[in-house]
Number of protein chains: 2
Amino acid sequence: MRVTKQQAAQNREKILISAASLMRERGIASVGMDALAEAAGMTHGSLYSQFGSKERLAEEAVRQALVENARNTSDVSDIGTYVSRYLSRKHCDAPGDGCALAALVSEMPRSSQTIRDRFTHGVRAMIEHVSGLMHARSARQRDDAAIAAVATMVGGLVLSRAVNDDKLADRILSATRSSLKASATS
Amino acid sequence: MRVTKQQAAQNREKILISAASLMRERGIASVGMDALAEAAGMTHGSLYSQFGSKERLAEEAVRQALVENARNTSDVSDIGTYVSRYLSRKHCDAPGDGCALAALVSEMPRSSQTIRDRFTHGVRAMIEHVSGLMHARSARQRDDAAIAAVATMVGGLVLSRAVNDDKLADRILSATRSSLKASATS
DNA sequence: ATTATCTATAGATCTATAGATAATGC
DNA sequence: ATTATCTATAGATCTATAGATAATGC
């Protein structure tokens, strides 16, 4: 049942992409190798021959999710668009395709150093992106404003996903959006 | 090995308090009944005779954690103090004694309805408390400002706990603190 | 007699590995 | 000959239950 090198590389990509999505949806620790294998359309034995361990697969899947995030937001060049997209119903309802920081942030205190390092790098990347969209005079002020904006976006998104009431979720999204837009114009 | 009714009630309290703390530290799903029993100084069989299932224990432990939160913040009557305490190094380093919303928020999308209902109630309670400390004219404006402040606090805290770099963690805490204090005086 | 707790264990699930299979790659 | 994948299974862990124990509560 051996496949071509090319096919094996494609399978690896497929595993990574589906794992990056599934881990954001269900959590790294909570999702099993069987579920990850099924999502990729293979048996779990194949995941082990490709990655060796769940930890290794998780490391690569976190990298994959962060790369997807960077790619999906690279076209955004103004803070209003960034905030509107991030704090949208669509983003709220699609954790598997959404921000890896919001999806994985709570697991980081219990994650390995390698995974936390990659996550931390992703946090810095998001802060730098948002900082570049800020209008404050000094770089320090822009960074501080960006950090606060990132915290508000991540907090607003995870809270809107957590609550068991759609109206409250929408209220959280709209209140955080308008707060960020008000502070951006001041 | 039977104990008095009073002792049994005390044991139940002890289990609840240590479970509320351990679940905030390690996550509801990630902590096992053995670990919860050990933390309470009992065997896991005792936890089952007291609560029947892990789900039931988790439901009560989430309630316990939210009650503790309400009690710990009931004395705070100005927004500056609230923000300073919430976004402090001390709070960041003590998830087991800290805000249940920040500790459990990411698990809620995968939690039972009962647990999510209690969590949602806790979110409303925090918003209402913070709203009462806001200076805006209308109730609607105060609520919106409170929601945004809660999102910034929760986001800032979970991000500072997640990153693998103490300097960045401190920067996140201080930037979110100053952002919230600036918006409170405007 | 009732019951809070403990011990032992069942059954499910999870990570991981060994060995077989079958097709590629040299 | 090498290797990507699959099958079968080991070993650990996790939730849960049955039955024993021993002291309370009526």
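Going by the structure above, here's the rest.
Residues numbered from 1 in each chain as written. Chains lettered and ligands numbered in written order. Predicted model: local features only at pLDDT ≥ 70, side-chain atom pairs only at ≥ 80, totals over all residues. Heavy atoms only, no water.

### As for the overall build of chain A
Each helix and strand counted, chain A has 10 helices and zero strands in total. Summarising its shape, the C-alpha atoms of chain A cover approximately 65 × 40 × 30 Å along the three principal directions. Across the 186 residues of chain A, 50% fall into the buried class. When contacts within chain A are restricted to residue pairs at least 6 apart in sequence, long-range pairs at least 24 apart make up 64% of them. (Helix = DSSP H or I, 4+ residues; strand = E, 2+ residues; numbered from the N terminus. Buried < 20%, exposed > 50% of the residue type's maximum accessible area, 1.4 Å probe, protein only. Contact = heavy atoms within 4.5 Å.)

### Re the packing of helix α5 (residues 79–86) of chain B against helix α10 (residues 166–185) of chain B
For any two helices packed against each other, the geometry comes down to the angle between their axes and how far apart the axes lie. Residue and element names in this part refer to chain B. At a minimum axis distance of 10 Å, the contact between α5 and α10 shows a crossing angle of 170°. Here α5 is positioned roughly antiparallel relative to α10, judged by the angle of their axes. Between α5 and α10, the contacting residues are Ile79, Gly80, Val83 and Ser84 on the first element and Arg177, Leu180, Lys181 and Ala184 on the second. Of the residues that constitute the contact of α5 with α10, the class distribution is four nonpolar, two polar and two charged. (Axes fitted to C-alpha atoms, helices over the stretch in contact; angles between N-to-C directions. Parallel < 35°, antiparallel > 145°, perpendicular 65-115°, else oblique. Nonpolar A, V, L, I, M, F, W, Y, C, P; charged D, E, K, R; others polar.)

### Quick word on the nonpolar core
With 125 residues, the main nonpolar core has Tyr86, Val130 and Met153 of chain A together with Tyr86, Val130 and Met153 of chain B as its most contacted residues. When neighbours within four sequence positions are excluded, Met153 of chain A is seen to be in contact with Tyr82, Val83, Tyr86, Leu87, Met126, Val130 and Leu180 of chain A. (Core = buried A, V, L, I, M, F, W, Y, C linked by side-chain atoms within 4.5 Å.)

### What about the relation of the copies chain A and chain B?
Once chain A is rotated about the relating axis by 180° and shifted along it by 0.0 Å, it coincides with chain B to within an RMSD of 0.0 Å. Taken together, the rotation and translation relating the two chain copies correspond to the operation of a two-fold axis. An overlap of 100% is found between the interface residues of chain A and their copies at the interface of chain B, pointing to a shared contact surface. (Least-squares fit on C-alpha atoms with pLDDT ≥ 70 in both.)

### Regarding the protein's contact with DNA strand C
Residues in close proximity to DNA strand C total 23 residues, the closest being Met1, Arg2 and Tyr48 of chain A together with Arg2 and Asn11 of chain B. Put simply, 63% of the atoms of DNA strand C that lie within 4 Å of the protein are in sugar or phosphate. In the model, a base oxygen of DNA strand C is placed 2.2 Å from a nitrogen or oxygen of the Arg2 of chain A side chain. Here a sugar or linking oxygen of DNA strand C and a side-chain polar atom of Ser46 of chain B are 3.2 Å apart. Contributions of two or more residues to the surface near DNA strand C are made by α3 (44–51) of chain A together with α1 (5–26) and α3 (44–51) of chain B. With four residues, α3 of chain B is the single largest residue contributor to the surface near DNA strand C. Residue classes in the surface near DNA strand C are distributed as eight nonpolar, 11 polar and four charged. (Near = heavy atom within 4 Å. Polar contact = N/O pair within 3.5 Å; in protein donor to acceptor, adjacent residues only side chain to side chain.)

### Some points on the protein's contact with DNA strand D
The local shell around DNA strand D holds 23 residues, among which Arg2 and Asn11 of chain A together with Met1, Arg2 and Tyr48 of chain B are the closest. Close to the protein, within 4 Å, the atoms of DNA strand D belong to sugar or phosphate groups at a rate of 62%. In the model, a base oxygen of DNA strand D is placed 2.6 Å from a nitrogen or oxygen of the Arg2 of chain A side chain. Counting residues per element, the surface near DNA strand D draws most heavily on α3 of chain A, which supplies four residues.

### Points about the interface of chain A and chain B
Contacts between chain A and chain B engage 42 residues on the former and 42 residues on the latter. For the pair chain A and chain B, the summed buried surface comes to about 3500 Å²; carbon and sulfur atoms form 60% of the total. Applying the counting rule to chain A against chain B returns four salt bridges. Residue Asp144 of chain B is joined to Arg171 of chain A by a salt bridge in which the shortest nitrogen-to-oxygen separation is 2.9 Å. If you look at where chain A meets chain B, you find 20 residue pairs in polar contact (both at pLDDT 80 or more). Looking at the side of chain A that touches chain B, the elements with two or more residues in it are α1 (5–26), α8 (113–131), α9 (139–162) and α10 (166–185) of chain A. By residue number, the principal contributor to the side of chain A that touches chain B is α9 of chain A, which donates 15 residues. Here the side of chain A that touches chain B is built from residues that sort into 19 nonpolar, 11 polar and 12 charged. (Buried area = accessible area lost by both parts, 1.4 Å probe. Salt bridge = Lys/Arg side-chain N within 4 Å of Asp/Glu carboxyl O.)

### Considerations on the pattern of salt bridges
Where charged atoms from two side chains of opposite charge come close, those side chains can pair. All names here are of chain A. Per the counting criterion, the structure on display carries 16 salt bridges over all chains. In this structure, the salt-bridge partner of Arg24 is Glu68, at a minimum N-O distance of 2.9 Å. You can see Arg24 sitting in helix α1 and its partner Glu68 sitting in helix α4 (residues 54–73), a full 44 residues away along the chain. The class for Arg24 is buried, based on a relative accessible area of 3%. Using a relative accessible area of 13% as the deciding quantity, one classes Glu68 as buried.

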